[in-house]
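Observations on the three-dimensional arrangement
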Amino acid sequence: MCNSNLTEQDKEIIKALQEDFPLCEEPYKVLAARAGVTEEEFLQRVQDFVQEKKIRKMGAVLRHREVGFKFNALCAWEVPKEKLDEVAKIMSNHPAVSHCYDRNTAPNWNYNLYTMIHAKTREECDSIILELSRLTGVENYQVLYSKKEWKKTSMKYFKD
Amino acid sequence: MELSAFDKELLNRLQGNIPICSRPFAKMAAELGTDEEKIIARIRELKAAGFLRRIGTFFNSNNLGYVGTLVALKVSPNEIAPVAEAVNKYPEATHNYEREGKYNLWFTLLTRDSAHESNILAEIRNLPGVEDMLQLKSNKKYKVNVQFKLN
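All values reported here derive from a predicted model rather than from experimental measurement.

Okay, the overall build of chain A next. Of the regular secondary structure elements, chain A holds 5 helices and 5 strands. Order of helices (α) and strands (β) in chain A, N terminus to C terminus: α-α-α-β-β-α-β-β-α-β. Computed over the C-alpha atoms, the radius of gyration of chain A is 20 Å, more than 25% above the 15 Å expected from 2.2 N^0.38 for a compact globule of 160 residues. Viewed in the frame of its principal axes, chain A has a C-alpha envelope of about 55 × 35 × 25 Å. Split into buried and exposed, the 160 residues of chain A put 30% on the buried side.

Here the focus is helix α3 (residues 39-51) of chain A. Residues and elements named next belong to chain A. Between its first and last C-alpha, α3 extends 18 Å over 13 residues, near the 18 Å set by a 1.5 Å rise per residue. Each element contacted by the buried residues of α3 is listed here: α1 (8-17), α2 (27-35) and β1 (55-62). After α3 finishes, the residue Lys-53 shows a positive phi value of roughly 60°.

All names here are of chain A. Mapped onto the fold, Glu-78 is located in the loop between β2 (71-77) and α4 (84-92). Take Glu-78: there are 15 C-beta atoms within 10 Å of it, and that puts it in the partly exposed class. Remark: the alpha-carbon pair of Glu-78 and Lys-29, spanning 49 residues in sequence, is separated by 48 Å. Once you skip the residues sitting within four places of it in the chain, Glu-78 turns out to touch Asn-110, Tyr-111, Asn-112, Val-138, Asn-140 and Tyr-141.

Taken domain by domain, chain A holds domain 1 (8-51) and domain 2 (71-145). For domain 1 of chain A and domain 2 of chain A, the distance between their C-alpha centroids amounts to 37 Å.

Taken residue by residue, the interface counts 63 residues in chain A and 64 residues in chain B. Those elements giving two or more residues to the side of chain A that touches chain B turn out to be α2, α3, β1, α4, β3 (97-102) and β5 (141-152) of chain A. The greatest single-element share of the side of chain A that touches chain B, amounting to 10 residues, is contributed by β5 of chain A.

Pairing is antiparallel in the open sheet, where 9 strands are placed in the order β5(B)-β2(B)-β4(B)-β3(B)-β5(A)-β2(A)-β4(A)-β3(A)-β6(B). Of all strands in the sheet, those bounded by a partner on one side alone are β5 (130-136) and β6 (141-144) of chain B. This sheet shows a mean twist of 25° between the axes of neighbouring strands, independent of strand direction. Relative to β5 of chain A, β2 of chain A runs antiparallel, the two being bridged by 5 bridges. Residue Ala-73 of chain A lies in a different strand from β5 of chain A, and its bridge partner there is Tyr-145 of chain A. The sheet strands contacting α4 of chain A are β3 and β4 (113-119) of chain A together with β6 of chain B, and the helix crosses β3 of chain A at an angle near 170°. Helix α4 (residues 80-88) of chain B rests against β5 of chain A together with β2 (67-75), β3 (93-99), β4 (105-111) and β5 of chain B of the sheet, and its axis sits at about 165° to β3 of chain B.

Let us look at the nonpolar core. One recurring pattern in soluble globular proteins: nonpolar side chains tend to sit buried together. Membership of the largest hydrophobic core comes to 72 residues, with the highest contact counts inside it found for Ile-117 of chain A together with Trp-106 of chain B. Not counting residues within four places of it along the chain, the set of residues in contact with Trp-106 of chain B comprises Leu-74 and Leu-144 of chain A together with Leu-70, Ala-72, Tyr-97 and Arg-99 of chain B.

Moving on to the packing of helix α2 (residues 24-32) of chain B against helix α3 (residues 36-48) of chain B. Residue and element names in this part refer to chain B. Where α2 meets α3, the axes come as close as 8 Å, and the angle between the chain directions of the two elements is 105°. On the basis of their axis angle, the class for α2 and α3 is roughly perpendicular. Contact residues: Phe-25, Ala-26, Met-28 and Ala-29 in α2; Glu-36, Ile-39 and Ile-40 in α3.

Residues and elements named next belong to chain A. Between its first and last C-alpha, helix α5 (residues 122-136) extends 21 Å over 15 residues, near the 21 Å set by a 1.5 Å rise per residue. All buried positions along α5 are accounted for by Cys-125, Ile-128 and Leu-132. An end-on view of α5 places all buried positions within 60° of arc, on one side of the element. Pointing more than 90 degrees away from the buried face of α5 are the exposed residues Glu-123, Leu-130, Glu-131 and Arg-134. Along its buried surface, α5 packs onto β2, α4 and β4. Just downstream of α5 lies Gly-137, where phi reads positive at about 75°.

Here is what the cut-offs are and how they apply
Residues numbered from 1 in each chain as written. Chains lettered and ligands numbered in written order. Predicted model: local features only at pLDDT ≥ 70, side-chain atom pairs only at ≥ 80, totals over all residues. Helix = DSSP H or I, 4+ residues; strand = E, 2+ residues; numbered from the N terminus. Rg over C-alpha atoms; globule rule 2.2 N^0.38 Å. Buried ≥ 20, exposed ≤ 12 C-beta atoms within 10 Å, placed from the backbone. Expected span 1.5 Å × (residues − 1). Contact = placed C-beta atoms within 7 Å. Domains from an automatic or database assignment. Pairing = 2+ DSSP bridges. Axes fitted to C-alpha atoms, helices over the stretch in contact; angles between N-to-C directions. Core = buried A, V, L, I, M, F, W, Y, C linked by C-beta atoms within 7 Å. Parallel < 35°, antiparallel > 145°, perpendicular 65-115°, else oblique. Arc of directions from axis to C-beta.

Following this line, the structure appears as C-alpha cells:
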C-alpha cells in the first residue's frame, strides 16, 4: 500500500504519538523531543494529520467495564443494499453505538452491517438492539455477545 | 474509588479532544474552572485507578496506508484456547473476542498490505481446530466513536 505521502520524519512523529500521552505541563514538547523535531514543528504536523484525517482524535478512551458499561455486543444486521446508508445513519446516531461499519457478506452469511453496542446490563443491551431494529425496520440480525476478551490492544504503526 | 461530579466532567472532556497546543491541560483547566496542576494530578490518579484504557492519539489506520479486516472463526470448542492464543501472538491482531454463536472467535487484523494479510489468514485457517473462516472487509466506516458519557 502507499504510505508514500508520509516522510520518515512523519513516521517518527507517529511513533512518538502512539505511545502514552505524557501527563505533564508540556506533553507535546516531550513527544517532539522523542521524534527529534521542535515542539512547533510537531504541533503543526499533528494539526495537519487531524486535517488529513490520519488522526481520528487526540483524547482518552475509558475502560468501559470500570465506568459501568459492562456489556458489549457485536450485532450483525442484514440490510437491503439500497437501504444501507439510511440504516447505518440511524444506527450511528444512537449514543450506545460506538462502531458502525458495512462489511462484505460470505456464503451462508448475509449480514452486511455491524454495530458495536455498549450498555450497563444485558437487558439494556437487548432493548437497545430491539429499538434499533424497530427504528430501521431491519429484522434479520444476529447478536454476538462477547464471552471472553482474549486481546484488546492498540496497533503500533511503523514498528518494523 | 467513587467518581466525583468533577471526575465525570473531566473524563467526559478528556474523551472529547485534548487541545493541540503547547499547554493543553492549562487550556482544559480554564474551561473546567480549575488549574493545570490539579487537572494533571487528577488524570494521573484516575489512570492509576484503572478508569482510562488509553490517553493519546487514535489514528485512522486506512489513512496511514494500513489495511484492516474483521475475521470470524468457527473453532471446535475444545480448541478455542490454543487458537485464541495463536491469534494473539500476531501483533497485527488488535482485538480478539470469544463470542456466542456458530462463529465463536472474532478478531480484527491490521496489516501494512494485503499480501501480508493473506499470509497471516492462511496460517490461521490451517491451525488445528479451525473449521471455517469468514473474512469480513469493510468499505465504509459510518461511525467510530468510543465515548461513554458519564453523568
